Amino acid sequence: MSDKPHQNLAIIGHVDHGKSTLVGRLLFETGSVPEHVIEQHRAEAEEKGKGGFEFAYVMDNLAEERERGVTIDIAHQEFDTDEYYFTIVDCPGHRDFVKNMITGASQADNAVLVVAADDGVAPQTREHVFLARTLGIGELIIGVNKMDVVDYSEDSYNEVKEQVSQLLKQVRFDADNATFVPISAFEGDNIAERSENTSWYDGDILLEALNNLPAPSPPTDAPLRLPIQDVYTISGIGTVPVGRIETGTMSPGDNVSFQPSDVGGEVKTVEMHHEEVPQAGPGDNVGFNVRGVGKDDIRRGDVCGPADDPPKVAETFKAQVVVMQHPSVITAGYTPVFHAHTAQVACTIESIDQKLDPASGEVAEENPDFIKSGDAAIVTVRPQKPLSIEPSSEIPELGSFAVRDMGQTIAAGKVLEVNER
Ligand SMILES: Nc1nc2c(ncn2[C@@H]2O[C@H](COP(=O)(O)OP(=O)(O)OP(=O)(O)O)[C@@H](O)[C@H]2O)c(=O)[nH]1
Ligand SMILES: [Mg+2]
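Residues numbered from 1 in each chain as written. Chains lettered and ligands numbered in written order. Predicted model: local features only at pLDDT ≥ 70, side-chain atom pairs only at ≥ 80, totals over all residues. Heavy atoms only, no water.

**Student:** Help me out: how do you make sense of the sheet that holds strand 2 (residues 75-80) in this one?
**Tutor:** Note on sheets: strands pair through backbone hydrogen bonds, and any given pair is parallel or antiparallel. If you walk across this open sheet you meet the six strands as 2-3-1-4-5-6, and the pairing is mixed. In the strand order of this sheet, the two ends are held by strand 2 and strand 6 (178-182), each with one partner. Sheet twist, expressed as the average angle between the axes of neighbouring strands with direction ignored, equals 25°. Pairing of strand 1 (residues 6-12) with strand 4 (residues 110-116), which is carried by four bridges, proceeds in the parallel orientation. Across the sheet, Leu9 pairs through a bridge with Asn110, a residue of strand 4. (Pairing = 2+ DSSP bridges. Helix = DSSP H or I, 4+ residues; strand = E, 2+ residues; numbered from the N terminus. Axes fitted to C-alpha atoms, helices over the stretch in contact; angles between N-to-C directions.)

Now the structure itself:
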């Protein structure tokens, strides 16, 4: 393991704008993927009629992903720069897979937003930026990609930069926390080396921008919260839940509880990068094993915490939401799917308590009949199945969510109060 500080970085943006290609390129340039592997991918991609996808194949491992040339599920990879040890999460851009993007973004400290220079801001560029902002992503590096396709034109770059800046303003993302870089993931311009093709650009290249990210905020003294992403059965070990530790630490010998499944036991082993470790902490992606907990006892969406301070399970919760897009209006009784950490649960908006002025946050109306796109409100929510979630003021990492319906993100928000089951 590297002793450099750890960064979880999400790569987000519209479908086909070049996210996986960028990750493949970064891994190649930082020496994490050797040239002959890229050559093998080139041969396979050409055979499938997907020439040009050799860098994307570094991340797109599923057969369906390779045939279709789209990312479906999130994938993690590791690489180092001078400053940081990165775990990179490559998110899918296709609109059908936004739920996987939410899981990826909710695990990240900062993000690279990839926007193709020849396409500009597209629907999932908007959706991902909105989600990144509400899921608590700190800084954005905007890679204006495919600069080769627009002949490295400064005008094209400035046009996309202007579009993205407008978008950041709309979602109130602090523009001081955004760095723009003109790149070509495919050709390798301004990734690890400054490109002669963009002599008009004198800002940071991508690796410099990555090195200049602020260090992730130091871990709080919050108790262990580890949302389960998957549960595997591994021969010789048994049941191995995996996920990222959001807060607290985990060591062998700890007594833990999984909620809402309501099972628990003693932690036997904790692994990171296939090596047993004596302790893992915030930001670490771990696999572990708990005495007496079997594969069918727990599932994705459970949260693991200390047995004496277990994750909260909500009967109802109060939340502040911002409506991003909805074809009509949202009224009490509406039951969309809430995505919180790794959980996806249908929840009823039981009451709309207050409408807020989105600019000042002040109450604009008590008990409004409805809310619509652009509105912010405080609502009371009742999960239709048990859901573990925490007040954002106590554990921000477990206190935010996205709301989806009809294949799109319609709102996002944070939890104010949990009324426990
Ligand atoms: N010319 C050119 N093509 C690029 C560049 N980056 C990516 N591409 C091409 O764009 C296509 C899509 O690239 P991907 O990396 O799969 O895009 P993605 O954003 O990961 O797509 P999803 O994961 O499905 O959302 C492939 O054909 C790439 O070769 C670039 O800098 N220049
Ligand atoms: Mg991809």
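**Student:** What should I look at first to understand the site of ligand 1 in this one?
**Tutor:** In the neighbourhood of ligand 1, 23 residues make up the surrounding shell, with Lys19, Thr21, Gly52, Thr71 and Asp148 lying closest. One of the side-chain N or O atoms of Lys19 is found 2.7 Å from an oxygen atom in ligand 1. One of the backbone N or O atoms of Gly52 is found 2.6 Å from an oxygen atom in ligand 1. In the complex, 91% of the free accessible area of ligand 1, which totals 650 Å², lies under the protein chains. The greatest single-element share of the shell around ligand 1, amounting to three residues, is contributed by helix 1 (residues 19-29). Looking at the shell around ligand 1 residue by residue, the classes come out as eight nonpolar, eleven polar and four charged. (Near = heavy atom within 4 Å. Polar contact = N/O pair within 3.5 Å; in protein donor to acceptor, adjacent residues only side chain to side chain. Areas by Shrake-Rupley, 256 points an atom, 1.4 Å probe, with all protein chains shown as cover. Nonpolar A, V, L, I, M, F, W, Y, C, P; charged D, E, K, R; others polar.)

**Student:** I'm lost on the coordination of the magnesium ion (ligand 2) in this one. Help?
**Tutor:** Octahedral six-donor coordination of a metal ideally yields angles of 90 or 180 degrees, compared with 109.5 degrees for tetrahedral four-donor coordination. Within the protein, the atoms that donate to the magnesium ion (ligand 2) are Ser20 (OG) and Thr71 (OG1), at distances of 1.9 to 2.1 Å. One end of the pair, Ser20, is in helix 1; the other, Thr71, is in the loop between helix 3 (63-68) and strand 2, and 51 residues separate them in sequence. According to the relative accessible area criterion, Ser20 is buried, its value standing at 6%. For Thr71, a relative accessible area of 10% corresponds to the buried category. (Donors = N, O, S within 2.8 Å, 3.2 Å for Na, K, Ca; no water. Buried < 20%, exposed > 50% of the residue type's maximum accessible area, 1.4 Å probe, protein only.)

**Student:** Would you mind showing me how to read the UniProt feature "binding site: Mg(2+)" (unreviewed entry) in the chain here?
**Tutor:** The feature "binding site: Mg(2+)" (unreviewed entry), as annotated in UniProt, sits at Ser20 in this numbering. Residue contacts for Ser20: discarding those within four places in its chain leaves Phe55, Ala56, Met59, Asp60, Thr71 and Asp90. A polar side-chain atom of Ser20 sits 2.9 Å from a polar atom in the side chain of Thr71. (UniProt positions renumbered as here; feature names shortened; annotations may be inferred. Contact = heavy atoms within 4.5 Å.)

**Student:** Sorry if this is basic, but what is going on with the packing of aromatic side chains here?
**Tutor:** Centre-to-centre distance and the angle between the planes together describe a pair of aromatic rings. Scanning the model with the defined rule gives eleven aromatic pairs in all. Here Tyr157 and Trp200 contribute two aromatic rings whose centre-to-centre distance is 5.3 Å and whose plane-to-plane angle is 40°, an arrangement assigned as tilted. Highlighted residues: Tyr157 in helix 6 (residues 154-170) and Trp200 in the loop between strand 6 and helix 7 (206-211), separated in sequence by 43 residues. The class of Trp200 is partly exposed, set by a relative accessible area of 24%. (Phe/Tyr/Trp six-rings, centres within 6.5 Å; stacked < 30°, edge-to-face > 60°.)

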